[in-house]
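Inside the fold
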Amino acid sequence: MSMFSGRSAIVTGGARGIGAAVAAALAKEHLGVVVADLLDRDGTATAESLGAHAIFRRLDVADEDGWQAVIADAEAMFGPLAVLVNNAGIVDFGGVEVEPPVMFRHVLDVNLYGPWLGMHLAGPYLRRAGGGVVVNISSTAGLIGYADVGAYVASKWGLRGLTKAAALEWGSSNIRVCSVHPGPIHTPMTADMDDSAIAAQPLARFGEPEEVAAMVRFIVTEATFSTGSEFIVDGGATAGQVLHMPSSAGE
Ligand code: NAD
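Our next topic: the pattern of salt bridges. Under the criterion given, the structure shown has seven salt bridges. Arg160 is paired through a salt bridge with Glu230; the nearest N and O atoms lie 2.9 Å apart. Pair noted here: Arg160 is in helix α5 (residues 150-170) and Glu230 is in strand β7 (residues 230-233), with a separation of 70 residues, a long-range link. Glu230 sits in the partly exposed class, given a relative accessible area of 30%. A salt bridge links Arg205 to Glu211; its shortest N-O distance comes to 2.8 Å.

Structural data, given as structure tokens:
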């Protein structure tokens, strides 16, 4: 019997993209998954594709009452909460001098306050159940900087730091907390990005949502001695840049 039979997971932003792939990967591990998202149609379709292993619940991750309802439903439908994946995220484009203040705050609300709220409210449930795993989906933008997405970069560095603080607080409660740092992944979020984003990567392609989900699954099921750790899924982007030197021209 799986270690997760009779236990539940919540995946925010689970309606599509990386979150949908994570929901599918966790359902395969016999977790009952709550797909929590703003998108009713996509969220319902994703949950239905996973059969009896998943339900959709509408959630704005910045809404405290919404979180309470989602956690209560997860436990009522599938059993004690074991896994929380804070995946919901948004990006807004605009340089430091250009981005409207209201948008800076909105990005921080969804990408950083949302995960904090989820951990704040789910923590007592995870502890009561004897422990669990929290995976926070940050980004390579939580490891390095990018121009014209300052709010996104700040939110993802913040989430990486929050991951470490929570890991330190919760180790004695058997709750592990790790961050995942994807590079460019094929999802609706990157639909408008061209190949310049990937040209200098060692693996010069976009990643697939399933490749991030495989890392999340590994953290949840295998990485039992890892907490406060960063797991990078970026095709080598943060290793450096592949420069095409004159000496290699014509090879
Ligand atoms: P996506 O836009 O395809 O999916 C994001 C999901 O989050 C959507 O279903 C959306 O409805 C949901 N969402 C947005 N705001 C929400 C809110 N307030 N409450 C609840 N749900 C909300 O994007 P994706 O590429 O799958 O991104 C998933 C996560 O991975 C994000 O945190 C993103 O920052 C991160 N990430 C993505 C990439 C990439 O290249 N795609 C790279 C690094 C990190």
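It is a general feature of regular strands that their side chains alternate between the two faces of the sheet. Where burial is concerned, most of strand β5 (residues 132-137) is hidden: six out of the six residues are buried. Burial of the side chains of β5 extends over both faces: Gly132, Val134 and Asn136 are buried on one face and Val133, Val135 and Ile137 on the other. Sheet topology places strand β4 (residues 81-86) next to β5; four bridges connect them, and they run parallel. Each bridged residue has a counterpart across the sheet, and for Asn86 the counterpart in β5 is Asn136. Handedness of the crossover is the feature at issue here: the chain leaves β4, passes through helix α4 (residues 101-128), returns alongside β5, and the resulting connection is right-handed. Taken together, the six bridges between β5 and strand β6 (residues 175-182) define a ladder with parallel strand orientation. When the sheet's bridge partners are listed, Val134 is paired in β6 with Val177.

On to the layout of surface pockets, then. By volume, the second largest pocket is sized at about 170 Å³. Along its surface, the second largest pocket is lined by Met3, Phe4, Arg7, Ala82, Gly130, Gly131, Gly132, Val133, Asn174, Arg176, Val220 and Thr224. For the lining of the second largest pocket, a count of residues per class yields five nonpolar, five polar and two charged.

Right, let's get into the site of the ligand. Close to the ligand lie 29 residues, the nearest being Asp37, Asn87, Tyr152, Ile185 and Thr187. The separation between an oxygen atom of the ligand and a polar main-chain atom of Gly183 is 3.4 Å. Against a free-state accessible area of 820 Å², the protein chains account for coverage of 95% of the ligand. Among the elements of the structure, α1 (17-28) and α5 are those that each provide at least two residues to the shell around the ligand. A breakdown of the residues in the shell around the ligand according to their chemical character gives 16 nonpolar, nine polar and four charged.

Cut-offs and rules
- Residues numbered from 1 in each chain as written.
- Predicted model: local features only at pLDDT ≥ 70, side-chain atom pairs only at ≥ 80, totals over all residues.
- Heavy atoms only, no water.
- Salt bridge = Lys/Arg side-chain N within 4 Å of Asp/Glu carboxyl O.
- Helix = DSSP H or I, 4+ residues; strand = E, 2+ residues; numbered from the N terminus.
- Buried < 20%, exposed > 50% of the residue type's maximum accessible area, 1.4 Å probe, protein only.
- Pairing = 2+ DSSP bridges.
- Right-handed = clockwise from strand over helix to strand, strands pointing away.
- 1 Å grid on protein atoms, 1.4 Å probe; cavity = no way out; pocket = protein on both sides within 12 Å on 5 of 7 lines; lining within 4 Å.
- Points joined across faces, edges and corners; volume = space filled by probe spheres on them.
- Nonpolar A, V, L, I, M, F, W, Y, C, P; charged D, E, K, R; others polar.
- Near = heavy atom within 4 Å.
- Polar contact = N/O pair within 3.5 Å; in protein donor to acceptor, adjacent residues only side chain to side chain.
- Areas by Shrake-Rupley, 256 points an atom, 1.4 Å probe, with all protein chains shown as cover.

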